[in-house]
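Architecture and fold: a report
What follows is the residue order along each chain.
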Amino acid sequence: MKKFWNKPPPANRRLPSMEVLNNKTAARRWVMHQRCEQRSLGLVPTMGALHAGHISLAKRAVQRCDVTVATIFVNPTQFAPGEDLDRYPRTLENDLRLLRDAGVDAVFVPAVDEMYAEDFSTYVQPPDVALCLEGERRPDHFRGVTTVVTKLFHILPCTHAFFGHKDYQQARVLQTMNRELDFGIEIEICPTVREPDGLALSSRNRYLSDDERRRALGLHRALTVACKAYQDGQRGTKVLEQLMRAELENAGIDSVEYAVVVNSQTLQPSVHADEEAIALIAARVGSTRLIDNQKLAT
């Protein structure tokens, strides 16, 4: 296995009311102590560069569970060659402060070689719901996601796990994997958190210039147009998709990878949008790739 970007995390230490764990042995020991005490355990996996969307997941976990553990790990196996692995934002100290303030009890911050030995060769094949959309455009992306989340589920055997609606296909992939491989974890998909003007929060938003950020608002406007048309009685998926693409073009989006209306369970297209329909967009503004989505029957 090739060497990945690997900046060592800080040494194990305790922050006020929050444990920072850097290796699998310490993480397993901490989690097993909580489970032996019969505490429910919420897991919030992240790649760091945290924003209010991540913190909403952490707060939901704290609200629902006796104890909460977050993870900060920029997972190299879900990045394709030429993607932004090396420049993906890393803001560890600020991330730890935010998680501590949210009431998180522990954070697992492993180095790459702690998660992947040099001769690592075992991967988890993602389910069929991973094959379309992101799966078509980012080969092996979901294989990296299912592999790392499986590893986290084993290292940190939780009762609940929390993921964001913005990465909707990823959440459906992980729900399906959890069910089909019998992890027995309750997975909750939490609402997308947006800026006041509608832009979905993303760690990659910091890449956007002022002009690009203004144009990026076109994603939310396109979803809003589709939702309004649906609520006004439009059920033709092709018409709804055309409305989204027209709005994206008007906003000056540089390129659209997909703007589709599909079934929210299978992510497969249909001629007519029903109450299970969801609109999903992936587009580039400048060099930044953004995704967003919205269920139509809101």
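For the structure, check the block above.
Residues numbered from 1 in each chain as written. Predicted model: local features only at pLDDT ≥ 70, side-chain atom pairs only at ≥ 80, totals over all residues. Heavy atoms only, no water.

Now for the overall build of the protein. Of regular secondary structure, the protein possesses nine helices and 10 strands. On C-alpha atoms alone, the protein measures out to a radius of gyration of 19 Å, which is about the 19 Å that the 2.2 N^0.38 rule sets for 298 residues. With the principal axes as the frame, the protein shows a C-alpha extent of 55 × 40 × 35 Å. The buried share of the protein, taken over its 298 residues, is 54%. Long-range contacts, defined as pairs at least 24 residues apart, comprise 74% of the intrachain contacts of the protein with a sequence gap of at least 6. Accessible area for the protein stands at about 13,800 Å²; split by element, carbon and sulfur atoms hold 48% of it. Computing the positive centroid from 38 side-chain charges and the negative centroid from 38, the protein places the two 3 Å apart. (Helix = DSSP H or I, 4+ residues; strand = E, 2+ residues; numbered from the N terminus. Rg over C-alpha atoms; globule rule 2.2 N^0.38 Å. Buried < 20%, exposed > 50% of the residue type's maximum accessible area, 1.4 Å probe, protein only. Contact = heavy atoms within 4.5 Å. Areas by Shrake-Rupley, 256 points an atom, 1.4 Å probe, with all protein chains shown as cover. Lys, Arg positive; Asp, Glu negative; His and termini not counted. Charge placed at Lys NZ, Arg CZ, Asp CG, Glu CD.)

So, on to helix 1 (residues 24-36). Since the α-helix turns once every 3.6 residues, residues separated by three or four places project in the same direction. Over its 13 residues, helix 1 runs 18 Å from end to end, which matches the ideal 18 Å to within 8%, given 1.5 Å per residue. Those residues of helix 1 not exposed but buried are Ala26, Ala27, Trp30, Val31 and Gln34. One side of helix 1 carries all its buried residues, which in axial view fall inside an arc of 125°. Seen from the open side of helix 1, the exposed residues pointing more than 90 degrees away from its buried face are Arg29 and Cys36. Each element contacted by the buried residues of helix 1 is listed here: strand 2 (18-21), strand 3 (41-46), strand 4 (67-72), strand 5 (106-108) and helix 6 (141-155). N-cap assignment for helix 1: the residue whose side-chain oxygen lies 3.2 Å from the backbone N of Thr25 is Asn23. Of the residues trailing helix 1, Gln38 is marked for its positive phi of about 60°. (Expected span 1.5 Å × (residues − 1). Arc of directions from axis to C-beta. Polar contact = N/O pair within 3.5 Å; in protein donor to acceptor, adjacent residues only side chain to side chain.)

Moving on, we come to the pattern of salt bridges. Considering all chains together, one arrives at 21 salt bridges under this definition. A salt bridge links Arg64 to Glu188, with the shortest nitrogen-to-oxygen separation between them at 2.9 Å. Taken as a pair, Arg64 in helix 2 (residues 52-64) and Glu188 in strand 7 (residues 186-190) lie far apart in primary sequence, 124 residues in all. Taking relative accessible area as the criterion, Arg64 reaches 31% and is therefore assigned partly exposed. The class for Glu188 is buried, based on a relative accessible area of 16%. Glu241 is the salt-bridge partner of Lys238, the closest N and O atoms lying 3.9 Å from each other. (Salt bridge = Lys/Arg side-chain N within 4 Å of Asp/Glu carboxyl O.)

Attention now goes to the pairing of strand 4. The buried count for strand 4 comes to six of six residues, which makes it a mostly enclosed element. Burial along strand 4 is two-sided: Val67, Val69 and Thr71 facing one way and Thr68, Ala70 and Ile72 facing the other are all buried. In this structure, strand 3 lies alongside strand 4, joined through six bridges in parallel fashion. Note on strand 4: the bridge partner recorded for Leu43 is Val69. Of the crossover connections in this fold, the one passing from strand 3 over helix 2 to the parallel strand 4 is right-handed. Summarising the sheet, strand 4 and strand 5 pair through three bridges and their orientation is parallel. Residue pairing across strands places Ala70 opposite Val107, the latter belonging to strand 5. With helix 3 (residues 92-102) bridging strand 4 and the parallel strand 5, this β-α-β connection has right-handed handedness. (Pairing = 2+ DSSP bridges. Right-handed = clockwise from strand over helix to strand, strands pointing away.)

Time to look at the nonpolar core. Residues Phe153 and Leu156 are the most contacted members of the largest nonpolar core, which totals 46 residues. It is helix 6 that contributes the most residues to this core, seven residues altogether. Look past the residues within four positions of Phe153 in its chain and what remains in contact with it is Leu43, Cys158, Ala161, Phe163, Met177, Phe183, Ile185 and Ile187. Of all hydrophobic cores here, the second largest spans 26 residues; its members include Leu199, Leu217, Leu248 and Ala259. (Core = buried A, V, L, I, M, F, W, Y, C linked by side-chain atoms within 4.5 Å.)

With that out of the way, let us pick up empty space enclosed by the protein. Using the criterion set out here, one finds one cavity of 30 Å³ or more in the structure. Considering only enclosed or pocket space, the largest cavity measures out at about 80 Å³ in volume. Where the lining of the largest cavity is concerned, the elements lending two or more residues are helix 8 (210-231) and strand 10 (288-295). Classifying every residue of the lining of the largest cavity gives seven nonpolar, three polar and two charged. (1 Å grid on protein atoms, 1.4 Å probe; cavity = no way out; pocket = protein on both sides within 12 Å on 5 of 7 lines; lining within 4 Å. Points joined across faces, edges and corners; volume = space filled by probe spheres on them. Nonpolar A, V, L, I, M, F, W, Y, C, P; charged D, E, K, R; others polar.)

Remember that the coordinates give geometry; whether it matters functionally is a separate question.
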